[in-house]
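Here is what each chain is made of, one letter per residue.
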Amino acid sequence: MPWPLSPPTRRLVGLLFLLSGALLVIGEALRMYVLYTLYATQGTDAVTSVQIIINLTLLVLGLLMLRYGWRERRGNDTVD
């Protein structure tokens, strides 16, 4: 694959990153809500710190995917 990508391909890649990042953020926000309700109803034994760390990590990853997709869509340099 030639580098850099052509503009239409960059826009498509950016759109795919935006869609997948948005879906990941929505899914992880819902999972965090489920963890919160479990914690509120059943106490500290229902939720482990590993679950919280993994969910927060995936939430940050989704936000980074949104950022990368937005920058790729706009045509900015995505290498920081």
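Every chain's residues receive numbers from 1 upward, in the order its sequence appears when written. Residues qualify for local features only when their pLDDT is at least 70, as the model is predicted, and side-chain atom pairs are given and counted only at 80 or more; totals for whole chains, interfaces and linings, by contrast, use all residues. For the side-chain quantities, the full set of heavy atoms in the structure was used; hydrogens and water were omitted.

J.: How do you make sense of the packing of helix α1 (residues 7-42) against helix α2 (residues 49-74) when you look at a structure like this?
T.: Each pair of packed helices can be summarised by the angle the axes make with each other and by the distance between the axes. Under this scheme, a helix contributes an axis fitted over its contacting stretch, all axes are lines through C-alpha atoms, and angles between N-to-C directions fall in the 0 to 180 degree range. The helix and strand labels rest on DSSP assignments: H or I over at least four residues marks a helix, E over at least two residues marks a strand, and numbering proceeds from the N terminus. Viewed as axis vectors pointing N to C, α1 and α2 meet at an angle of 155°, and their least axial separation amounts to 7 Å. With respect to α2, the axis of α1 lies roughly antiparallel. In this structure, α1 meets α2 at a crossing whose hand is left-handed. Under this grouping Gly is polar, as are all residues other than the nonpolar Ala, Val, Leu, Ile, Met, Phe, Trp, Tyr, Cys and Pro and the charged Asp, Glu, Lys and Arg. Of the residues that constitute the contact of α1 with α2, the class distribution is 21 nonpolar, seven polar and six charged. Should an angle fall under 35 degrees it is called roughly parallel, over 145 degrees roughly antiparallel, and 65 to 115 degrees roughly perpendicular, with every other angle called oblique. The handedness criterion is simple: a crossing whose near helix is rotated anticlockwise from the far helix by less than a right angle is left-handed, and one whose near helix is rotated clockwise is right-handed.

J.: What should I look at first to understand α1 in this one?
T.: Spacing of three or four residues puts side chains on the same side of an α-helix, whose turn is 3.6 residues. For α1, spanning 36 residues, the distance from its first C-alpha to its last is 52 Å, which sits close to the expected 52 Å at 1.5 Å a residue. Think of it in three bands: residues with accessible area under 20% of the maximum for their type are buried, residues over 50% are exposed, and the middle band is partly exposed, with areas taken using a 1.4 Å probe on protein chains only. Those residues of α1 not exposed but buried are Gly14, Gly21, Val25, Glu28 and Leu35. The inward-facing, buried residues of α1 contact α2. Phi turns positive, to about 95°, at Gly43, one or two residues after α1. Take the residue count of a helix, subtract one, and multiply by 1.5 Å to get its expected span. Contacts are residue-level and defined by heavy atoms, with any inter-residue pair within 4.5 Å sufficient.

J.: Explanation requested: the UniProt feature "transmembrane region" (unreviewed entry) in the protein chain in the structure shown.
T.: The sites that carry the UniProt feature "transmembrane region" (unreviewed entry) are, in the present numbering, residues 12-34 and 46-66. Helix makes up 86% of residues 46-66 and strand 0%. Its end C-alpha atoms lie 31 Å apart. UniProt positions are given in the numbering used here, feature names are shortened, and annotations may be inferred rather than shown by experiment.

J.: How do you make sense of the side chain of Glu72 when you look at a structure like this?
T.: Mapped onto the fold, Glu72 is located in helix α2. On the basis of relative accessibility, which here comes to 4%, the residue Glu72 falls in the buried class.

J.: Teacher, can you tell me more about the packing of aromatic side chains here?
T.: Two measures describe an aromatic ring pair: the distance that separates the ring centres and the angle between the ring planes. For Phe, Tyr and Trp, rings pair up if their centres lie within 6.5 Å, where Trp contributes its six-membered ring, and each pair is then called stacked (planes under 30 degrees apart), edge-to-face (over 60) or tilted (otherwise). All chains considered together, the criterion is met by one aromatic pair. Between Phe17 and Tyr68, the ring centres sit 4.8 Å apart and the planes meet at 65°, which makes this aromatic pair edge-to-face. Taken together, the residues Phe17 in helix α1 and Tyr68 in helix α2 connect sequence positions 51 residues apart. Residue classification places Tyr68 among the partly exposed residues on the basis of a relative accessible area of 28%.

J.: In this structure, what is going on with the environment of Ala46? I would like to understand it.
T.: Counting through the fold element by element, Ala46 comes out in the loop between α1 and α2. Sequence-wise, Ala46 and Leu35 are eleven residues apart; in three dimensions their C-alpha atoms are separated by 8.4 Å. Discounting residues that sit within four places of it in the chain, Ala46 has contacts with Leu38 and Gln51.

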